[in-house]
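Fold and contact review
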Amino acid sequence: QVQLVESGGGLVQPGGSLRLSCAASGGIFSRDALGWYRQASGKERELVVRISIGGSTNYADFVKGRFTISRDNAKNTVSLQMNSLKPEDTAVYYCFLRRWGLDYWGQGTQVTVSS
């Protein structure tokens, strides 16, 4: 069983930065697929960035050049550095892990971009 706990959300002004972190109980394995999704109020959950089992990274077009994902298997964490934030980035951000065909989600952390 894997439990994911996100942290680092909050309120930030447009153009600002936030760093989200996700801690995985039981560890992160090199062959885990990892990523971040987000869900804005009244909208469906959408992919932000994903690291596949093979190691390739795929960013949604709307975050390319602004967001960066990183993983630290030794510390059992995956992080999302978010720069140049826009009001449309406001959403609940969810950490995601897939292991041996099973999907695990964190509880989500709210990111609000507003002046």
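Note that the structure is predicted; figures quoted are calculated from it, not measured.

1. Observations concerning the overall build of the chain
Along its length, the chain carries 0 helices and 11 strands. Helices and strands in the chain line up, N terminus first, as β-β-β-β-β-β-β-β-β-β-β. A compact globule built from 115 residues would reach a C-alpha radius of gyration of about 13 Å, and the chain, at 13 Å, matches this within 12%. Summarising its shape, the C-alpha atoms of the chain cover approximately 40 × 25 × 25 Å along the three principal directions. Excluding contacts between residues fewer than 6 apart, the proportion of contacts in the chain whose partners are at least 24 apart in sequence is 53%. A total of about 6100 Å² of accessible surface is found on the chain, and carbon and sulfur atoms cover 48% of it. Across the chain, the 13 positively charged side chains and the 9 negatively charged ones have centroids separated by 4 Å.

2. A few points about the sheet that holds strand E7 (residues 67–72)
The strand order E1-E3-E8-E7 describes an open sheet built from 4 strands, whose pairing is antiparallel. Each end of this open sheet is capped by a strand with a single partner; those strands are strand E1 (4–7) and E7. Looking at each pair of strands side by side, their axes are set apart by 15 degrees on average, direction ignored. One ladder, built from 4 bridges, connects E1 with strand E3 (residues 18–24); its direction is antiparallel. Looking across to E3, one finds that Ser7 is bridged to Ser21.

3. Some thoughts on the packing of aromatic side chains
By the definition in use, this model includes 4 aromatic pairs. Between the aromatic rings of Tyr37 and Trp105, the centroid separation amounts to 5.1 Å while the plane-to-plane angle is 70 degrees, which identifies the pairing as edge-to-face. Residue Tyr37 is found in strand E4 (residues 33–39), and its partner Trp105 is found in strand E10 (residues 102–105); the two are separated by 68 residues along the sequence. Considering the side-chain rings of Phe96 and Trp105, the 4.9 Å spacing of their centres and the 55 degrees angle between planes classify their relative orientation as tilted. An aromatic cluster is built from Tyr37, Phe96 and Trp105, whose rings are joined through pairwise contacts. For Arg45, the ring lying beneath its charged end belongs to Tyr94, and the centroid distance is 3.8 Å. Its end group placed over the ring of Trp105, Arg45 keeps NZ or CZ at 4.7 Å from the ring centre.

Scoring rules and cut-offs
- Residues numbered from 1 in each chain as written.
- Predicted model: local features only at pLDDT ≥ 70, side-chain atom pairs only at ≥ 80, totals over all residues.
- Heavy atoms only, no water.
- Helix = DSSP H or I, 4+ residues; strand = E, 2+ residues; numbered from the N terminus.
- Rg over C-alpha atoms; globule rule 2.2 N^0.38 Å.
- Contact = heavy atoms within 4.5 Å.
- Areas by Shrake-Rupley, 256 points an atom, 1.4 Å probe, with all protein chains shown as cover.
- Lys, Arg positive; Asp, Glu negative; His and termini not counted.
- Charge placed at Lys NZ, Arg CZ, Asp CG, Glu CD.
- Pairing = 2+ DSSP bridges.
- Axes fitted to C-alpha atoms, helices over the stretch in contact; angles between N-to-C directions.
- Phe/Tyr/Trp six-rings, centres within 6.5 Å; stacked < 30°, edge-to-face > 60°.
- Lys NZ or Arg CZ within 6 Å of the ring centre and 35° of its normal.

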